Amino acid sequence: MKILVPVKRVIDYNLKPRVKPDGSGIDLANTKMSMNPFDEIAVEEAIRLKEKGVATEVVAVSIGPAKAQETLRTALAMGADRAVLVETDEDIEPLAVAKILKAIAEEEGPGIVMLGKQAIDDDSNQTGQMLAALMGRPQGTFASKVEVEGDNVSVTREVDGGLETVKLSLPAIVTTDLRLNEPRYASLPNIMKAKKKPLDTKSPADYGVDCAPRLTTLKVEEPPVRQAGEMVGSVDELVAKLKEKGVVA
Amino acid sequence: MSALVLAEHDSGKLNPATLATVTAAAALGGAVHVLVAGGDDAAGVADAAAKVAGVEKVLLASDAAYAHQLAENVAPLIAGLMDSYDAFLAPATTTGKNVAPRVAAMLDVMQVSDILSVEGPKSFTRPIYAGNAIATVESSDAKLVITVRTTTFDKAAPEGGSAPVEPVSGPGEAGLSSFVSLEASASERPDLTSANVVVSGGRALKDAATFEQLITPLADKLGAAVGASRAAVDAGYISNDYQVGQTGKIVAPELYIAIGISGAIQHLAGMKDSKVIVAINKDPDAPIFQIADYGLATDLFEAVPELTGKL
Ligand SMILES: Cc1cc2nc3c(=O)[nH]c(=O)nc-3n(C[C@H](O)[C@H](O)[C@H](O)COP(=O)(O)OP(=O)(O)OC[C@H]3O[C@@H](n4cnc5c(N)ncnc54)[C@H](O)[C@@H]3O)c2cc1C
Ligand SMILES: Nc1ncnc2c1ncn2[C@@H]1O[C@H](COP(=O)(O)O)[C@@H](O)[C@H]1O
């Protein structure tokens, strides 16, 4: 069984994004970019399934600028077998990403497409669900445990009320949550090896997908800043302040 | 303009997240209908939804296939109903986030996720980059598919309406997925996302027993819900559904007390709209103090029992 892992190049999660003064977006010039953290978890899970003998091949896909090659090389260094870059300088919305992924999945025929639950830049949390709808496949979103059992995959999901387990018929779409695994660091030899692994470059047009955006961003602003309040010197002082504010009886 | 709202419910009760979603739907300016999709206990939920102020009609889809809100079964039901509506809205709960994008793709619509406000008939604000930026976006799609950040909309009054309940049916079982089990975290406490007071603990709480010993009595004193940072959840102090943050739950209580939490941007994303924020952290430079109304830079193992005692 093949596993397809879509990985997105995003701002590094340790950095605080800067809103452009003209309100047109986020200033990403000279900003450290990394693989979306949920996608690292997805790559890790796919590799573990391969190591367990459940999967035979792990293919990483990214849709984005030429630099997204670096993100794909990271996936290859972690242990993915090959990669596909769908190169574009446009911002591609989740619906169009899902359409491109559908076209690739139809070519590749993976048993599982393993995505992140959310990209930490657009915070959309949509792509996996959309891909599942477009392909008419089941979806196991926000996964904290994935077990392939014959023709099915059992997915434990992090939901508001606790942990829900569902059984999906394969092929299926899975999106990862934080507790699924702890991604490995690529070793130096594996980083060297990754440079020789195959990486195909394509364009959205190769898949015949119309990527025209459906949403127009009218402006991007900083959220209202919260002023730091005061430091209190003791628990007594804290209690007094809270009573004064009327938030405790 | 007419809007269909997906009711969030469990064990036969309408979840208050639905009420805020009704308010967001009403802001679009047209009629608001609510869809209750569920199993045998859905009729009671439909009756509750019918009483919500501002709701004009309730659609009840009662079928074993919808009992567990499986997206594979519920999304086609919704997509089938959307001929009669201009907008579909779901609360940005794990159920809403699971189902709505599936509906959007079926309708060939780009979803607007997690809206904070309605700015115009097709324009909305939404948080991006963990809430470090707020984007105003306008949709050009023929229909709208929206998830709603329920903490930023007032709740519609749960009483006062008397909408008719109309049975509807959809394709039912899609045969792609099945529900196996729910490991529900039993809690007598107020619900995290709607509580007036939240007491959250972080990595500094050491282990599950210490977390329980220190956080629970304080929460009990305040009638508060308990929350946690990702680090506390990852370390197994408490279960996943207590995580507050960018990728966990969003809370905006009257009072939020962060104990032994550093204040990473991903955590702040989930709680910085709280009215009053208190932070207890022994590191005076912890970022949490930059957004706290009251900061106490001290050892939590002394301060928390003392605070519990003095309230
Ligand atoms: C993709 C992604 C998504 C994420 N989503 C979330 C999310 O939704 N929610 C979330 O919370 N995090 C999230 N995180 C994790 C986040 O980046 C931080 O790692 C996490 O919030 C840290 O938790 P913490 O503050 O409990 O731990 P730490 O950062 O380790 O902070 C512990 C704090 O306790 C203080 N302390 C230690 N001992 C004591 C003592 N005795 N008394 C008082 N204070 C003490 C320390 O000074 C320190 O400030 C996410 C990360 C990623 C990559
Ligand atoms: N441009 C992209 N290239 C590859 N994968 C993507 C891209 N955009 C989104 N994804 C995948 O979809 C997931 C969810 O993204 P989103 O719906 O944008 O929050 C991500 O974690 C990725 O796995």
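Quick look at the structure, then.

Remarks on the pairing of strand 16 (residues 255–259) of chain B
All names here are of chain B.
Now for step 1: A large share of strand 16 lies buried, amounting to 5 of its 5 residues.
Now for step 2: The two faces of strand 16 match: Leu255, Ile257 and Ile259 on one face and Tyr256 and Ala258 on the other face are all buried.
Now for step 3: In the sheet, strand 14 (residues 197–201) pairs with strand 16 via 5 bridges, with the strands oriented parallel. The residue bridging Val197 from the neighbouring strand is Leu255, located in strand 16.
Now for step 4: Here strand 16 pairs with strand 17 (residues 276–280) via 5 bridges, running parallel. Paired with Ala258 across the bridge in strand 17 is Ala279.

Section: the interface of chain A and chain B
Now for step 1: Of the residues lining the interface, 78 residues belong to chain A; the matching set on chain B comes to 82 residues.
Now for step 2: Taking both partners together, chain A and chain B bury about 6,700 Å²; carbon and sulfur atoms supply 56% of that area.
Now for step 3: Of all residues in chain A, A:Asp160, A:Arg214 and A:Arg226 give up the largest surface area on contact with chain B, accounting jointly for 12% of the area buried on that side.
Now for step 4: At the boundary of chain A with chain B, the tally comes to 6 salt bridges.
Now for step 5: The shortest N-O distance in the salt bridge between B:Asp108 and A:Arg214 comes to 3.1 Å.
Now for step 6: On the surface where chain A and chain B come into contact, there are 46 residue pairs in polar contact (both at pLDDT 80 or more).
Now for step 7: When residues of the side of chain A that touches chain B are traced back to their parent elements, those giving at least two are helix 3 (94–108), helix 4 (127–135), strand 9 (139–149), strand 10 (152–159), strand 11 (162–169), strand 14 (215–221), strand 15 (230–231) and helix 6 (235–245) of chain A.
Now for step 8: Residue composition of the side of chain A that touches chain B, grouped by class: 36 nonpolar, 18 polar and 24 charged.
Now for step 9: Two elements, strand 11 of chain A and strand 13 (residues 177–184) of chain B, share 7 bridges in a ladder whose sense is antiparallel. By the bridge assignment, A:Thr165 is partnered in strand 13 of chain B with B:Ser181.

Some remarks on the site of ligand 1
Now for step 1: Residues in close proximity to ligand 1 total 29 residues, the closest being B:Arg203, B:Ser229, B:Gln243, B:Ser262 and B:Asn281.
Now for step 2: Taking B:Val244, its main chain carries an N or O atom lying 2.8 Å from a nitrogen atom of ligand 1.
Now for step 3: Within the backbone of B:Leu300, one N or O atom sits 2.9 Å away from a nitrogen atom of ligand 1.
Now for step 4: Out of a free accessible area of 1,000 Å², ligand 1 has 86% covered by protein chains.
Now for step 5: Looking at the shell around ligand 1, the elements that each hand over two or more residues are helix 1 (37–51) of chain A together with helix 6 (230–234), helix 7 (265–268) and helix 8 (300–310) of chain B.
Now for step 6: When the residues that make up the shell around ligand 1 are grouped by side-chain class, the tally is 11 nonpolar, 13 polar and 5 charged.

Describing the sheet that holds strand 7 (residues 112–115) of chain B
Picture the strands of a sheet paired through backbone hydrogen bonds; they go either parallel or antiparallel.
All names here are of chain B.
Now for step 1: With respect to topology, 7 strands assemble into an open sheet ordered 7-11-6-1-4-5-12, the strand pairing being parallel. The sheet is open, and its two edges are formed by strand 7 and strand 12 (165–167), each paired on a single side. Going from strand to strand, the sheet's axes swing by 25° on average, the running direction of each strand aside.
Now for step 2: Sitting on the sheet, helix 2 (residues 42–50) touches strand 4 (31–38), strand 5 (57–62) and strand 12, and the angle it makes with strand 5 is about 170°.
Now for step 3: Set on the sheet, helix 3 (residues 71–81) makes contact with strand 1 (2–6), strand 4, strand 5 and strand 6 (87–91); between it and strand 4 the angle comes to about 150°.

Let's talk about the pattern of salt bridges
Residue and element names in this part refer to chain A.
Now for step 1: Enumeration according to the criterion identifies 28 salt bridges over all chains in this entry.
Now for step 2: Where Arg48 meets Glu44, a salt bridge forms, and the shortest distance between an N and an O atom there is 2.7 Å. Taken as a pair, Arg48 and Glu44 lie in helix 1 at a separation of 4 residues, close to a single helical turn.
Now for step 3: Accessibility expressed as a relative area gives 31% for Arg48, which makes it partly exposed.

What counts and how
Residues numbered from 1 in each chain as written. Chains lettered and ligands numbered in written order. Predicted model: local features only at pLDDT ≥ 70, side-chain atom pairs only at ≥ 80, totals over all residues. Heavy atoms only, no water. Buried < 20%, exposed > 50% of the residue type's maximum accessible area, 1.4 Å probe, protein only. Helix = DSSP H or I, 4+ residues; strand = E, 2+ residues; numbered from the N terminus. Pairing = 2+ DSSP bridges. Contact = heavy atoms within 4.5 Å. Buried area = accessible area lost by both parts, 1.4 Å probe. Salt bridge = Lys/Arg side-chain N within 4 Å of Asp/Glu carboxyl O. Polar contact = N/O pair within 3.5 Å; in protein donor to acceptor, adjacent residues only side chain to side chain. Nonpolar A, V, L, I, M, F, W, Y, C, P; charged D, E, K, R; others polar. Near = heavy atom within 4 Å. Areas by Shrake-Rupley, 256 points an atom, 1.4 Å probe, with all protein chains shown as cover. Axes fitted to C-alpha atoms, helices over the stretch in contact; angles between N-to-C directions.

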